[in-house]
Amino acid sequence: MNDSAHTGSHTPSDEEVAMRLVPVWLAEATRNDAGAAERAVGEWERRALSAESARELADWVTARVTDTAFNTDKGPAPDAPARVSVSDKAAVHRWLAAHGHHV
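Each value, and the rule that gives it
Each residue is numbered by its place in its chain's sequence as written, counting from 1. For a predicted model such as this one, the threshold for reporting local features is a pLDDT of at least 70, and the threshold for listing and counting side-chain atom pairs is 80 or more; totals across whole chains, interfaces and linings nevertheless cover every residue. Only hydrogens and water are set aside; all other atoms, that is, all heavy atoms of the structure, feed into the side-chain values. A pair of Phe, Tyr and Trp rings is counted when the ring centres sit within 6.5 Å of each other, with Trp represented by its six-membered ring. The angle between the planes then sorts it: under 30 degrees is stacked, over 60 is edge-to-face, the rest tilted. Over a ring means this: the NZ of a Lys or the CZ of an Arg is within 6 Å of the ring centre and within 35 degrees of the ring normal. Within this document, salt bridges are pairs made up of a side-chain nitrogen of Lys or Arg and a carboxyl oxygen of Asp or Glu, the two lying within 4 Å of each other. A helix here means a DSSP run of H or I that spans at least four residues, while a strand means a run of E at least two residues long, and both kinds are numbered starting from the N terminus. In this scheme, a residue with accessible area under 20% of its type's maximum is buried, one over 50% is exposed, and one in between is partly exposed, where area comes from a 1.4 Å probe on protein chains only. The definitions used throughout rest on a 1 Å grid laid over the protein atoms alone, on which a cavity is an enclosed set of points accommodating a 1.4 Å probe that cannot get out and a pocket is an open set flanked by protein within 12 Å on both sides along at least five of seven lines; lining residues are those having an atom within 4 Å of a point. Grid points are joined across faces, edges and corners, and a volume is the space filled by probe spheres set on the points. Gly falls in the polar group here, along with every residue not listed as nonpolar (Ala, Val, Leu, Ile, Met, Phe, Trp, Tyr, Cys, Pro) or charged (Asp, Glu, Lys, Arg).

J.: Describe in detail the packing of aromatic side chains, supporting the description with residues and values.
T.: Per the counting criterion, the structure on display carries 1 aromatic pair. When the ring centre of tryptophan 44 is taken as origin, the NZ or CZ atom of arginine 47, which lies over that ring, is 4.0 Å away.

J.: Can you lay out the pattern of salt bridges for me, pointing to particular residues and giving the numbers?
T.: In total, this model carries 3 salt bridges according to the counting rule given. Where aspartate 88 meets arginine 20, a salt bridge forms, and the shortest distance between an N and an O atom there is 2.7 Å. Within this pair, whereas aspartate 88 is found in helix H5 (residues 86-98), its partner arginine 20 is found in helix H2 (residues 14-32), the two being separated by 68 residues in sequence. Note that arginine 64 and glutamate 28 form a salt bridge whose closest N and O atoms lie 2.2 Å from each other. Within this pair, whereas arginine 64 is found in the loop between helix H4 (51-63) and H5, its partner glutamate 28 is found in helix H2, the two being separated by 36 residues in sequence. Residue classification places arginine 64 among the partly exposed residues on the basis of a relative accessible area of 25%.

J.: I'd like a rundown of the layout of surface pockets, residues and numbers included.
T.: Here the largest pocket defines a volume of roughly 290 Å³. What lines the largest pocket is a set of 15 residues, among which Trp25, Ala29, Ala36, Ala37 and Glu56 lie closest to the centre. The set of elements that each furnish at least two residues to the lining of the largest pocket consists of H2, helix H3 (34-45) and H4. Top contributing element to the lining of the largest pocket by residue count: H3, with 5 residues. Its residues assigned to classes, the lining of the largest pocket shows 6 nonpolar, 3 polar and 6 charged.

Read these as spatial facts, not as claims about activity.
Below, the structure written as structure tokens:
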């Protein structure tokens, strides 16, 4: 038995992490490049991201890691729309790989 069984904490699956973060990525993409975001939204709705969209998601999640040792003048702002930990980044990368994407 591990400690999480005693504390009731739940370690999210790679799928759960992706489901939490992809909408944040899509919202940010919409503000930056509406055309590309529209394509990515359609792909996401079909659960069939293109290689380009998968690469963009992998890059985005890597750039948005907020739980780091950086001080406030480096890295994403800690009050970003979603907290992204190093383990979240790894989960999204694993999720992409499980769906056939090379990241």
